[in-house]
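Per-entry structural report
Here is how the chains run, residue by residue.
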Amino acid sequence: MSKIVKKVKERLRDFRRPGYYKEFEYNWTMVIDLDKCNGCEACVVACHAENNLPIVGKDECSKSRAFNWIRIERYVEGEFPNVKVKFIPIMCQHCNSAPCELGCPVYATYHNQDGLNVQVYNRCVGTFTCATYCPYDVRRFNWFTYKWPEPLDQQLNPDVTVREMGVMEKCTFCIQRIRVAKDRAKDENRKVRDGEVVPACVQSCPTGALVFGDRNDPKSRVAKLAKSPRRFRLLEGLNTDPSVIYLKRVMKKSGSKKHGEHG
Ligand code: SF4
């Protein structure tokens, strides 16, 4: 058996062991309450500003090269004027059993000890395999070395690398903010407190639909919300074990005075 196949099998065995990530210090998790999301896309704009994402324009978007780390999917039910619209924010699901990690031939994408799916830009050779393997369509490829016209170049975030042509990227849960909080906690000889790490999308959401935190801490908001009877995860049947947990939208069923649940 080749060394690489052996290594992959070892990794698979570890990742699929129940509770593997509970053994680590943190297990970063995002909970998204679909009952609160109104589709305003403030999270999308905040993500662009925080993570130096280019605005690629209409032509590139029409070639399926839209460049968002988080997108808001819209679902419309019924006929006008009796329509119901539902929104689902979708970003990298940071799967604990991530298909993209198995696909990358150079281990540019891997799992770190906080349960995050990490992308090493310097190692990426642009084979596109991870994006092909990802069932959530959340990875974005730099077809060009994008430029920011003056004075927009002044607003680039110095804490985040500006990526170049040929590199794959996706949501990092604002790892730069996690790093700052962890360093501060280390200096003060304590663990990161609940609510101390606030990714840009969470910070900007006007309705508080997004909650971020450490699921290993049983007192954290995400740990409590993750037990909600409304919880579900995207494409759960694929056994990718995502770290993004959704809470179903609660809507009044037509013709009923009671409230019913809709996904
Ligand atoms: S900012 Fe909040 S309410 Fe607006 S689209 Fe994003 S998650 Fe939904």
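Residues numbered from 1 in each chain as written. Predicted model: local features only at pLDDT ≥ 70, side-chain atom pairs only at ≥ 80, totals over all residues. Heavy atoms only, no water.

So, the sheet that holds strand 8 (residues 210–214)
For the record, the criterion: Any two strands are treated as partners once DSSP identifies two or more bridges connecting them. The numbering of helices and of strands both runs from the N terminus, where a helix is a DSSP run of H or I of at least 4 residues and a strand a run of E of at least 2.
Spatial ordering of the open sheet is given by 8-1-10-9, a layout of 4 strands whose pairing is mixed. On the outer flanks of this sheet lie strand 8 and strand 9 (231–232), each paired with one strand and no other. Pairing between strand 1 (residues 28–33) and strand 8: 5 bridges, direction antiparallel. Each bridged residue has a counterpart across the sheet, and for Trp 28 the counterpart in strand 8 is Asp 214.

Quick word on the environment of Arg 74
Just so we agree on the cut-off: Between buried and exposed lies partly exposed: a residue is buried under 20% and exposed over 50% of the maximum accessible area for its type, with that area taken using a 1.4 Å probe on protein chains only. Any two residues having at least one pair of non-hydrogen atoms within 4.5 Å are treated as being in contact.
As for its placement among the helices and strands, Arg 74 is situated in strand 2 (residues 71–77). Residue classification places Arg 74 among the exposed positions, given a relative accessible area of 65%. Distance from Arg 74 to Lys 86, taken between C-alpha atoms, is 5.7 Å for residues 12 residues apart in sequence. Ignoring any residue separated from it by four or fewer positions in sequence, one finds Arg 74 in contact with Lys 86 and Phe 87.

What to know about unusual backbone geometry
For the bond from Phe 80 to Pro 81, the omega torsion is 5 degrees, close enough to zero to count as cis. Mapped onto the secondary structure, Pro 81 falls in the loop between strand 2 and strand 3 (84–90). Here the bond from Glu 150 into Pro 151 is cis, since omega is 0 degrees, no more than 30 degrees from zero. As for its position among the elements, Pro 151 is in the loop between strand 6 (140–141) and strand 7 (168–169). Of note in this structure, Phe 173 is not a glycine but carries a positive phi near 60 degrees. With respect to the element layout, Phe 173 can be found in the loop between strand 7 and helix 6 (175–187). Residue classification places Phe 173 among the buried positions, given a relative accessible area of 1%.

Topic: the site of the ligand
For the record, the criterion: Throughout this document, a residue counts as near a molecule or strand when at least one of its heavy atoms sits within 4 Å of that molecule or strand. The residue classification treats Ala, Val, Leu, Ile, Met, Phe, Trp, Tyr, Cys and Pro as nonpolar and Asp, Glu, Lys and Arg as charged. All others, Gly included, are polar.
In the neighbourhood of the ligand, 13 residues make up the surrounding shell, with Cys 37, Cys 40, Glu 41, Cys 43 and Cys 205 lying closest. Residues of the shell around the ligand, tallied by class, amount to 9 nonpolar, 3 polar and 1 charged.

Examining helix 2 (residues 42–50)
Within helix 2, burial applies to Cys 43, Val 44, Ala 46, Cys 47, His 48 and Glu 50. Where helix 2 is buried, its residues touch strand 2, helix 6, helix 7 (200–204) and strand 8. Phi turns positive one or two residues past the end of helix 2, at Asn 52, with a value near 55 degrees.

Side note on the environment of Val 244
Checked against the element boundaries, Val 244 lands in strand 10 (residues 244–247). Owing to a relative accessible area of 0%, Val 244 belongs among the buried residues under this scheme. Sequence spacing of Val 244 and Phe 232 is 12 residues, and the spatial spacing of their C-alpha atoms is 9.2 Å. Apart from the residues within four sequence positions on either side, Val 244 is in contact with Met 30, Ile 32, Met 91, Cys 92, Gln 93, Phe 173 and Arg 233.

Brief notes about the nonpolar core
How we decide: To qualify as a nonpolar core, a set must consist of buried Ala, Val, Leu, Ile, Met, Phe, Trp, Tyr and Cys residues joined through side-chain atoms within 4.5 Å.
Counting 56 residues, the largest nonpolar core has Trp 28, Met 30, Ile 32, Phe 173, Leu 210, Phe 212 and Tyr 246 as the members making the most contacts within it. Mapped by element, the contributors of at least two residues to this core are strand 1, helix 2, strand 3, helix 5 (129–133), helix 6, helix 7, strand 8 and strand 10. Those residues within four positions of Phe 212 in sequence are excluded, and the remaining contacts are Trp 28, Thr 29, Met 30, Phe 173, Ile 178, Asp 194, Val 197, Pro 199, Val 202 and Val 222. One finds Val 211, Val 222, Ala 226 and Ile 245 within the second-largest nonpolar core, a separate group that totals 6 residues.

Brief notes about the side chain of Arg 71
So the rule is basically this: Definition of a polar contact: a pair of N or O atoms within 3.5 Å, with one able to donate and the other able to accept a hydrogen when the atoms are protein atoms, and with sequence-neighbouring residues admitted only if both atoms are side-chain atoms.
Within the secondary structure, Arg 71 is located in strand 2. Classification of Arg 71 as buried rests on a relative accessible area of 18%. From its side chain, Arg 71 meets the backbone oxygen of Tyr 136 in a polar contact 3.1 Å long. Beyond its immediate chain neighbours, meaning those up to four positions away, Arg 71 contacts Ile 88, Pro 89, Ile 90, Tyr 136, Asp 137, Val 138 and Arg 140.

Points about helix 6
Selection criterion: Under the convention used throughout, the expected extent of a helix is 1.5 Å for every residue step, that is, one less than its residue count.
For helix 6, with 13 residues, the first-to-last C-alpha span of 18 Å sits near the 18 Å given by 1.5 Å per residue. Of the residues making up helix 6, those classed as buried are Gln 176, Ile 178, Ala 181 and Ala 185. On its buried face, helix 6 sits against strand 1, helix 2 and strand 8. Looking one or two places after helix 6, you find Asn 189, whose phi comes out positive at around 55 degrees.

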